[in-house]
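Structural overview for review
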Amino acid sequence: MSNKSVEKKPTYLLTVGITGSCNLRCPSCAAGNMDEINRPGQYMSVDTYRELLVKATSEAEISAVCLFITTEPLLHPQLNEIVRITSTFGIPCMVSTNLNLLPRDLDDFFAANPASIRVSVSGYFQETYEKNHRGGKIDRVKENIKVMAEAWQRSGKKAHFEVHYHRYIGNLDEEILMKRFAHSLGLEFTTNWAGFHPYEKTLAEFEPNLGLAEFTEEDRKVLKSLPLINSESVKGSPHFKLLEKYNKLPCPIQSSYLFVDWRGENQLCCAMGDTEKFRLGSYFDSTLEELQKIKDEHEICRACKQHNGHVNILLGYQDIAMKQIDQICFNHVLDHYAAEGYDLR
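Let me sum up the structure you'll find in this document. (Residues numbered from 1 in each chain as written. Predicted model: local features only at pLDDT ≥ 70, side-chain atom pairs only at ≥ 80, totals over all residues. Heavy atoms only, no water.)

Thoughts on the pairing of strand 6 (residues 188–193)
For strand 5 (residues 160–167) and strand 6, the ladder comprises six bridges, and the chain directions are parallel. Residue pairing for strand 6: H164 is matched across the bridge by T190. In this region the chain leaves strand 5, passes through helix 7 (residues 175–184) and returns to the parallel neighbour strand 6; the handedness of that crossover is right-handed. (Pairing = 2+ DSSP bridges. Helix = DSSP H or I, 4+ residues; strand = E, 2+ residues; numbered from the N terminus. Right-handed = clockwise from strand over helix to strand, strands pointing away.)

As structure tokens, this is what we get:
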């Protein structure tokens, strides 16, 4: 019997953008504020997806597969088969959607065994919802949630199913209505403070010589609606100063996440929007070690970490200064309502 120890594979979370576009144009998302990244009608083939998982699992332990990078996975005509393939590898498959459309054959979708479904919303009424989910119809979304919840019930409720509310300045008064709606269907309800994507526009504020996309006038209006920023410049946000003490923390996105787009191209980071500028070559033509070396030495990763970006991007996903972050956000929200004549302090 050999005394040699078997080298343990590294663990990665794999994110795959199985489509090339989104059906909405949300202003705080790259799909809405960088239209050139949308490639309507482009999809990763089922065969390519299967080959991707074969390669990924040969090189690493894949903790989960997330079927989204800025794009809408429900646009894929063979989504159910892709979820089914993931399940045959024994890997949890996570789907995040705006649910302005439904999967083809909902019962088959749940039979394919997704691990989790998240439906993202930003309002209960259309006037509020359409501000941040541009092009979407909230009544259609709520009806689709009901229909999907019925199929979920029929499937035995094996998948985690949640409604996720993005908090903006001016939409918190509708949060309780959406929470009641979700709970009435037996669904989980979660929230986060809305952020801005892509992150290269934020990074351009701190490092203008990197040649990155910059905030437009419309983007700056969106920044004012974000509870954490509430300003037309990210430099004015107090949370950047707060996060400086966490600057030396490692970046799990850099070290333990893989991002592959619909073409099978490696992408540097989920926070970056320009899929041409930040493509790292074919996933199938590089080893995991080669890809990790490129990421470890990438100039954008250096700049991002230097300005606390790696901590900022993961706010809400790890417990870093969340009490202080919540306080900053609530103060900005209260300031907004006070300016409207409703001083709630």
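A few points about the pairing of strand 3 (residues 93–97)
Here strand 3 lies mainly inside the structure; four of its five residues are buried. In this structure, strand 2 (residues 61–66) lies alongside strand 3, joined through two bridges in parallel fashion. Note that in strand 3 the partner of V65 across the bridge is C93. The pairing of strand 3 with strand 4 (residues 116–121) spans four bridges and is classified as parallel. Each bridged residue has a counterpart across the sheet, and for S96 the counterpart in strand 4 is R118. Once you follow strand 3 into helix 4 (residues 106–111) and on to strand 4, the crossover reads as right-handed. (Buried < 20%, exposed > 50% of the residue type's maximum accessible area, 1.4 Å probe, protein only.)

Side note on helix 2 (residues 46–59)
Under the 1.5 Å per step criterion, the end-to-end length of helix 2 is 20 Å for 14 residues, consistent within 8% with the ideal 20 Å. V46, Y49, L52, L53, K55 and A56 are the residues of helix 2 that are buried. (Expected span 1.5 Å × (residues − 1).)

Focus on the side chain of E72
Its location among the elements puts E72 in the loop between strand 2 and helix 3 (79–88). Within the buried core, E72 has no salt-bridge partner, and the shortest N-O distance to an opposite charge, that of R104, equals 9.9 Å. In terms of polar contacts, E72 uses its side chain to reach the backbone amide nitrogen of L74, at 3.0 Å. (Lys, Arg positive; Asp, Glu negative; His and termini not counted. Salt bridge = Lys/Arg side-chain N within 4 Å of Asp/Glu carboxyl O. Polar contact = N/O pair within 3.5 Å; in protein donor to acceptor, adjacent residues only side chain to side chain.)

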